[in-house]
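Listed here are the chains, written in short residue letters.
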Amino acid sequence: MKKYWPSIRDYLLIVTSSLIQAVSLRLFFIPANLASGGVSGISQLVNHYTGWPIGLMVLIGNIPLFLLGWRFLGGVKFAMRTAVAILTYSLFTDLILKVPYFIEYSQILITDLSGDIFLNSLYGAIISGIGYGMVYRARGTSGGSDILARILNNWRGIPMTQSYLIVDTAVILSAGFVFGWKEALYAMITLYVSGIVSETVLEGGGTVRTAMIVTAKPEKVSNRVIEELERGVTYLEGRGAYTGNSRPVLYCVVNRAEIASLKAIVHESDPEAFMVIGVAHEALGEGFKPLKGR
């Protein structure tokens, strides 16, 4: 069981993320006429004119994209995880309308938010972003524009963020002719916010700061960092390109709250020091989160 638990956990995350995305679509995007981008957005447009079930349209629209993904992205894991994501999302999108409690309480929420497109776009972006982040953590794809973005990235070398914008923006602009340009503008904002939320869920909220310090008093600086901040310091070999002099470069990782203290330590120890502060999405190991394979 322990051997198969990582895969089981991934599929549980995918199913849960599909439910979250379906709830976001039904509670916020559809009532406010916000096209969610990708196949879901196209399905909303088709539903607007024909009344055909959105979940069914999502499933049908994803079939050719799934085949393209299998052809260009390949891999059994990709096929299995993507198939599960597409099927469960399509089913949940239509089936949750059959759940009595969901119908009752969702109608109350929809009524409360009726006419407030800002709150609908904000809540929809946050909840759908959580769903996207979860499926990415499970090393899966949500189908639709996700597959197209990855194909564009592999085929033409277009960055993933630009690929998503190209695909989803085209759908959202098309929806502007149907639902209105105010709705299209809010849909664009929703697309941006959901991307930020999904990245936070995927990479974690533990953003840390890295510091590289060039100083003539490396021992004094490193000793104070170790004693006062209780952070490790690594010596890197460096040499000035202009002077040709060798000088150690100190490298350390601290959290955001410790930056001010680190600056004070460096300034007090060596006012002539040179310091560069950067941002890292995550720090794993002693003093931070445990280093794990997953």
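Up top is the structure.
Here's a quick rundown of the structure. Every value quoted in this text rests on a predicted model; they were computed, and no experiment measured them.

1. Quick word on helix H2 (residues 38-50)
Then, number 1: Given a rise of 1.5 Å per residue, 13 residues ought to cover 18 Å, and the 19 Å separating the end C-alpha atoms of H2 matches this to within 8%.
Then, number 2: Within the span of H2, buried status applies to Gly-38, Val-39, Ser-40, Gly-41, Ser-43, Gln-44 and Leu-45.

2. Remarks on empty space enclosed by the protein
Then, number 1: According to the stated counting rule, one finds one cavity of 30 Å³ or more in the structure shown.
Then, number 2: Quantified by volume, the largest cavity comes out at close to 30 Å³.
Then, number 3: For the largest cavity, the full set of lining residues is Ser-18, Gln-21, Ala-85, Tyr-89 and Ser-142.
Then, number 4: In terms of residue class, the lining of the largest cavity is built from two nonpolar, three polar and no charged.

3. Things to note about the sheet that holds strand S3 (residues 246-254)
Then, number 1: If you walk across this open sheet you meet the four strands as S2-S3-S1-S4, and the pairing is antiparallel. The open sheet has two edge strands, strand S2 (234-239) and strand S4 (274-280), and neither has a second partner. Neighbour-to-neighbour, the strand axes of this sheet turn through a mean angle of 25°, independent of strand direction.
Then, number 2: Taken together, the seven bridges between strand S1 (residues 208-214) and S4 define a ladder with antiparallel strand orientation. Paired with Thr-210 across the strands is Gly-278, a residue of S4.
Then, number 3: Helix H10 (residues 218-229) rests against S1, S2 and S3 of the sheet, and its axis sits at about 15° to S3.
Then, number 4: Helix H11 (residues 259-269) rests against S1, S3 and S4 of the sheet, and its axis sits at about 165° to S4.

4. A closer look at the nonpolar core
Then, number 1: Residues Leu-25, Leu-34, Val-58, Tyr-89, Ile-147 and Ile-172 are the most contacted members of the largest nonpolar core, which totals 23 residues.
Then, number 2: Among the elements of the structure, helix H1 (5-29), helix H3 (54-72), helix H4 (76-95), helix H7 (145-156) and helix H9 (181-203) are those that each provide at least two residues to this core.
Then, number 3: Excluding residues within four positions of it along the chain, Leu-34 makes contact with Phe-28, Phe-29, Gln-44, Ile-117, Asn-120, Ser-121, Glu-183, Tyr-186 and Ala-187.

5. Digging into the pattern of salt bridges
Then, number 1: For the structure on display, the rule yields five salt bridges.
Then, number 2: With its nearest N and O atoms 3.2 Å apart, the salt bridge here joins Arg-26 to Asp-94. Here Arg-26 is found in helix H1, whereas its partner Asp-94 is found in helix H4, with 68 residues between them in sequence. Per residue, the accessibility class of Arg-26 equals that of Asp-94, and both read buried.

6. Examining unusual backbone geometry
Then, number 1: If you check the backbone angles, Asn-33 has positive phi at about 55° while not being a glycine.
Then, number 2: Within the secondary structure layout, Asn-33 lies in the loop between H1 and H2.
Then, number 3: With a phi angle near 55°, Glu-230 is a residue other than glycine that sits in the positive phi range.
Then, number 4: Summarising the element assignment, Glu-230 is placed in the loop between H10 and S2.
Then, number 5: When its relative accessible area of 67% is taken as the criterion, Glu-230 is described as exposed.

7. A word on the packing of aromatic side chains
How two aromatic rings sit relative to each other is given by the distance of their centres and the angle of their planes.
Then, number 1: A full pass over the atoms with the stated rule returns two aromatic pairs.
Then, number 2: Relative to Tyr-123, the ring of Phe-28 lies with its centre 5.8 Å away and its plane at 45°, an arrangement referred to as tilted. One end of the pair, Phe-28, is in helix H1; the other, Tyr-123, is in helix H6 (residues 117-137), and 95 residues separate them in sequence.
Then, number 3: Exposure remark for Tyr-123: the relative accessible area of 37% places this residue in the partly exposed category.
Then, number 4: Measuring from ring centre to ring centre gives 4.9 Å for Phe-177 and Trp-181, while their planes differ by 75°; the resulting arrangement is edge-to-face.
Then, number 5: On the basis of relative accessible area, Phe-177 is assigned to the exposed category, the value being 67%.
Then, number 6: Between the NZ or CZ atom of Arg-81 and the centre of the ring of Tyr-11, over which it lies, the distance is 5.5 Å.

8. Structural notes on the packing of H10 against H11
Pairs of packed helices are described in terms of their axes, by the angle between the two and the distance that separates them.
Then, number 1: Where H10 contacts H11, the axes come no closer than 9 Å and their chain directions differ by 145°. Helix-helix and strand crossings are classified by hand; for H10 and H11 the assignment is right-handed. Taking contact as the criterion, the partners of Lys-220, Val-221, Arg-224, Val-225, Glu-228 and Leu-229 in H10 are, on H11, Ser-261, Leu-262, Ile-265, Val-266, Glu-268 and Ser-269.
Then, number 2: Within the contact of H10 with H11, the residues separate by chemical class into six nonpolar, two polar and four charged.

9. Let's talk about the pairing of S1
Then, number 1: Two strands pair when backbone bridges link them, and S1 and S3 are joined in this way by six bridges, in the antiparallel orientation. Its bridge partner lying in S3, Thr-210 is registered against Val-253.

Parameters at a glance
- Residues numbered from 1 in each chain as written.
- Predicted model: local features only at pLDDT ≥ 70, side-chain atom pairs only at ≥ 80, totals over all residues.
- Heavy atoms only, no water.
- Helix = DSSP H or I, 4+ residues; strand = E, 2+ residues; numbered from the N terminus.
- Expected span 1.5 Å × (residues − 1).
- Buried < 20%, exposed > 50% of the residue type's maximum accessible area, 1.4 Å probe, protein only.
- 1 Å grid on protein atoms, 1.4 Å probe; cavity = no way out; pocket = protein on both sides within 12 Å on 5 of 7 lines; lining within 4 Å.
- Points joined across faces, edges and corners; volume = space filled by probe spheres on them.
- Nonpolar A, V, L, I, M, F, W, Y, C, P; charged D, E, K, R; others polar.
- Pairing = 2+ DSSP bridges.
- Axes fitted to C-alpha atoms, helices over the stretch in contact; angles between N-to-C directions.
- Contact = heavy atoms within 4.5 Å.
- Core = buried A, V, L, I, M, F, W, Y, C linked by side-chain atoms within 4.5 Å.
- Salt bridge = Lys/Arg side-chain N within 4 Å of Asp/Glu carboxyl O.
- Phe/Tyr/Trp six-rings, centres within 6.5 Å; stacked < 30°, edge-to-face > 60°.
- Lys NZ or Arg CZ within 6 Å of the ring centre and 35° of its normal.
- Left-handed = near helix turned anticlockwise from the far one by under 90°.

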